Structures are given as C-alpha cells and as structure tokens.
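Descriptive analysis of the structure
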Amino acid sequence: MKLINFLRNESLSRHTSWKVGGPADVFFIPDNRQDLSQFLSQNKGNSVTWLGNGTNVLVRDGGIRGVVISTKKSINKITMAAENSCRAEVGASCMDLALFAEKNEMGPAAFFSGIPGSIGGALTMNAGSFGHETWEFVESVEVIDEVGIIHHLDPKEFKFSYRSVEFPFPLWFVSCLMKFPESETTTKSELKAMRDQRIKTQPLTEDTCGSVFKNPKPDHAGDLIERAGLKGYKIGGCSISTKHANFIVNEGGATSADIEELIKHVQNIVKAKFDVDLETEVRIIGE
Ligand SMILES: Cc1cc2nc3c(=O)[nH]c(=O)nc-3n(C[C@H](O)[C@H](O)[C@H](O)COP(=O)(O)OP(=O)(O)OC[C@H]3O[C@@H](n4cnc5c(N)ncnc54)[C@H](O)[C@@H]3O)c2cc1C
C-alpha cells in the first residue's frame, strides 16, 4: 500500500490536549477525501482509530495498535451552502466554524467558539455549550465506511442525546451540512464575552481534556466532586483542578495511568458519598 503522509510509532502525547498517551503503530494524515477513501479500501483487517483534535480522549500509555487516522490538519474546509447554511468538513475546528458563522451572520453557531475540538469530534460527541448542541443544527452528514465508500445520511439515522451519538453502522464523519436560524446574529464582542466567561471558571491555560465526567442530571459532576472535598487532590503528575472540579490537570509528567487512577478514585468517592455513578465524558482508548 502506498502511504505518503504516515508516521510509524508516533507518540500520541503530541496529538492530545492532556499531552499523554503511548504510540500509534501507524499515524496517517489523509491529504483529502480521495486519499482517505483509497487508504480505507486497502486497509482490510487493520483496526482503525480516528482522532480529531484529541481534546476528548485519554490514550493509555501502551498506545494504539493498528492505524490512527488524524484530520487535525486536513479535510478542513468550511463553505456557504445556501442562506444560513454551511458545509463544514470534519478537520475544521469548532473555532473556525464559530468565526465563519459570525462573519456570515449565522449567530447561534457562536456556541462552538469555546470548544477546542474538531467538527468531526463535535459530531461524534454531540458537543455543546451555552444551551446548544451540535446536532440541533445538522441537516445531513457525509460519512465514510470501513471500506472507503462515502454515504450521505439524514440525522434521523442517528440516535443522539447528551454528549452521545449512536451510529447506524461503523462509520466516520467526513463533513456535515448545518443550517442556523436567520433571526439571530452574533458579534465579535459576544464571542469574546463567551470566552471571558470560560476563562473565569475553567483552567484553560492548563493541559486538560475539558469536563472529564458527564453531568448526572439534575446534579453537576463538578459540584459533587467539589462537595466530596476532592479539589486539588493529586495522583502522580495530575490533580483535580482547583478552578473547576470536573477538570483533571496534567501538571507536567503525568502518565495516562495516573489520570485513569484519579478518574477511578473520583468515581469511588462520589459513589460512596452521594450514591451517584459518574460516567466519563472523556473516551478512554488504547492499551
Ligand atoms: C478546555 C476544554 C474545554 C472544553 N469544552 C467543551 C464544551 O464546552 N463542550 C463540549 O461538548 N466539549 C468540550 N470539550 C471537550 C472536547 O473539545 C469536545 O468533546 C470535542 O467535540 C472533541 O473534539 P476532538 O476533535 O478533539 O475529538 P477527539 O478527542 O479527537 O475524539 C473524540 C471522539 O470522537 C471520535 N472522532 C473524532 N473525529 C471523528 C470523525 N471524523 N468521525 C468519527 N469519529 C470521530 C474519536 O474517535 C473519539 O472517539 C472541551 C475540552 C477542553 C480541553
């Protein structure tokens, strides 16, 4: 198989916001969708893991066997499709989409501005903030299957809920068509206000993965962790943020094992104190 843009034994700590994670056997960056399609059609039998911006994954220290496909630097165009509607490719960042929407008066998309992931990650996680979620605005998606064939699917074919999306068959996203209500616009200063609000409450300058746990409604995971007295609690090189208790900070030198152990510790303490099972929002992958 001819592979140009690939690396062997690439450390995934270079591709995750927690800056931890062992190596990928093969790390592939497709140039474009044809390249991706050709790669998948010839990749029979090897396991495939997809990575966007790596802001919602904990890759274990042993790394990932098989191939990791990364769209962090490719398949990333955003174009107008019709009035109030755009097509976003999965490698574009959520911030790119928020800025595009601000320029083209598609206001509600401003909620994407504080999410550091890619559009592919946002579609997979049904990412959301400030009262909106990704799939609220999705009109259709373009996906690729395990043998490299592209399909166009309607949102009705997916089941989505809070930070969770069930797929109709094994697939990865390539692009989506999004439509926003014409009535709302957003200004640059509103985007800045959203950013400022996050800076006040979240440790944005540190190496984290955002919220580690889903909120067990009607509670907030951060409140439960704080009430359990765990703010600042440390294992190895990582600790519970003193700014927001649902964030785990890599203080420098943390391993994935440290972070996983801290996650389990938090789950055990919160279960013992409040009889609540905290489910991770972060996806733990690899070996
Ligand atoms: C400081 C900080 C703040 C955050 N704030 C928010 C927030 O407000 N709201 C929120 O919802 N999240 C938030 N997050 C979490 C994270 O940014 C989102 O979940 C984001 O959508 C993940 O995108 P990603 O590209 O980084 O995905 P990754 O972490 O790379 O991947 C996440 C999952 O998506 C899969 N995936 C990625 N791309 C594709 C694709 N094209 N097709 C199929 N599967 C794919 C991966 O295999 C993996 O299972 C925050 C994170 C940080 C670090």
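Being a predicted model, the structure only gives us computed values, none of them experimental. (Residues numbered from 1 in each chain as written. Predicted model: local features only at pLDDT ≥ 70, side-chain atom pairs only at ≥ 80, totals over all residues. Heavy atoms only, no water.)

Overview of the site of the ligand
Which entries qualify depends on this criterion: Nearness here has a simple test: a residue counts as near a molecule or strand if at least one of its heavy atoms is within 4 Å of that partner. Residues adjacent in sequence count toward polar contacts only when both atoms are side-chain atoms; beyond that, a polar contact is any pair of N or O atoms within 3.5 Å, and within protein one must be able to donate a hydrogen and the other to accept it. Note on areas: Shrake-Rupley, 1.4 Å probe, and residue coverage restricted to the protein chains presented here. The numbering of helices and of strands both runs from the N terminus, where a helix is a DSSP run of H or I of at least 4 residues and a strand a run of E of at least 2.
Taken together, 31 residues surround the ligand, and among them W50, T55, S118, G128 and R198 come closest. Between the ligand and the protein, one listed contact pairs an oxygen atom with a backbone N or O atom of G52 at 2.7 Å. One of the side-chain nitrogen or oxygen atoms of T55 is found 2.6 Å away from an oxygen atom of the ligand. When the ligand is considered free in solution it has 980 Å² of accessible area, and contact with the protein chains removes 93% of it. Listed by contribution, the elements that provide at least two residues to the shell around the ligand are β3 (48–51), α3 (119–125), β8 (128–129) and β14 (171–179).

Structural notes on helix α4 (residues 188–201)
What counts is decided by this rule: One less than the number of residues in a helix, times 1.5 Å, gives the span that helix is expected to have. Relative accessibility thresholds used throughout: buried, under 20% of the residue-type maximum; exposed, over 50%; partly exposed, between the two (1.4 Å probe, protein chains only). Working definition: the arc comes from the directions between the helix axis and the C-beta atoms, pointing outward to the latter. In what follows, residue pairs with any heavy atoms lying within 4.5 Å of each other are defined as contacts.
Here α4 is 14 residues long and its end C-alpha atoms lie 21 Å apart, about the 20 Å a rise of 1.5 Å per residue gives. Regarding α4, the residues found buried are L191, M194 and R198. One face of α4 carries all of its buried residues, which in axial projection span an arc of 60 degrees. Looking at α4, the residues exposed on the side facing more than 90 degrees away from the buried face are K188, S189 and K200. Looking at the buried side of α4, the elements it contacts are α2 (94–103) and β8.

Let's talk about the pattern of salt bridges
Side chains that differ in sign of charge can pair as their charged atoms come close. Definition in use: By convention in these notes, a salt bridge is any Lys or Arg side-chain nitrogen within 4 Å of a carboxyl oxygen on Asp or Glu.
Summed over all chains, the structure comprises 16 salt bridges. A salt bridge links R14 to E10, with the shortest nitrogen-to-oxygen separation between them at 2.4 Å. E10 sits in the buried class, given a relative accessible area of 9%. Put simply, E281 and R163 hold a salt bridge, and the shortest N to O gap is 3.7 Å. Taken together, the residues E281 in the loop between α6 (256–274) and β18 (283–285) and R163 in the loop between β12 (159–161) and β13 (164–166) connect sequence positions 118 residues apart. Given a relative accessible area of 14%, E281 falls into the buried group. Look at the salt bridges and you will find they share partners, linking D25, R65 and E287 into a network.

A look at the environment of G229
Mapped onto the secondary structure, G229 falls in the loop between α5 (221–227) and β15 (234–235). Judged by relative accessible area, which is 56%, G229 ranks as exposed. For G229 and N43, which are 186 residues apart along the polypeptide, the C-alpha to C-alpha distance reads 49 Å.

Examining the pairing of strand β2 (residues 23–28)
The test is simple: Only strands that DSSP links by at least two bridges are regarded as paired with each other.
As paired elements, strand β1 (residues 6–11) and β2 share 5 bridges and run antiparallel to each other. Residue L7 lies in a different strand from β2, and its bridge partner there is F27. As defined by bridge partners, β2 adjoins strand β5 (residues 64–70) across 4 bridges and the pair is classed as parallel. Looking at the pairing, V26 lines up with V67 of β5.

So, the domain arrangement of the protein chain
Put simply, the rule is: Domain borders in the structure are assigned automatically or taken from a domain database. Buried area is calculated as the accessible area (1.4 Å probe) missing from two parts once they are joined, with the contributions of both summed.
Under the domain assignment, the protein chain is made up of domain 1 (6–70), domain 2 (78–179) and domain 3 (204–285). Each of domain 1 and domain 3 has a C-alpha centre, and the two are 26 Å apart. Each partner contributes to the interface: domain 1 provides 14 residues, whereas domain 3 provides 18 residues. Approximately 1,500 Å² of surface area, both sides summed, lies buried where domain 1 meets domain 3, with 54% of it carried by carbon and sulfur atoms. The interface formed by domain 1 and domain 3 includes 2 salt bridges. Where K19 meets D207, a salt bridge forms, and the shortest distance between an N and an O atom there is 3.1 Å. Across the domain 1-domain 3 interface, the total number found is 13 residue pairs in polar contact (both at pLDDT 80 or more). The greatest single-element share of the side of domain 1 that touches domain 3, amounting to 3 residues, is contributed by strand β4 (residues 57–59).

Observations concerning unusual backbone geometry
For the bond running from K217 to P218, omega is 5 degrees, close enough to zero to count as cis. Take P218: it is sitting in the loop between α4 and α5. Of note, the phi angle at K19 is positive, near 60 degrees, even though the residue is not glycine. You can see K19 is positioned in the loop between β1 and β2. We classify K19 as partly exposed; its relative accessible area is 49%. Its identity is not glycine, yet F130 carries a phi of approximately 45 degrees, on the positive side. With respect to the helices and strands, F130 occurs in the loop between β8 and β9 (132–133). Using a relative accessible area of 37% as the deciding quantity, one classes F130 as partly exposed.

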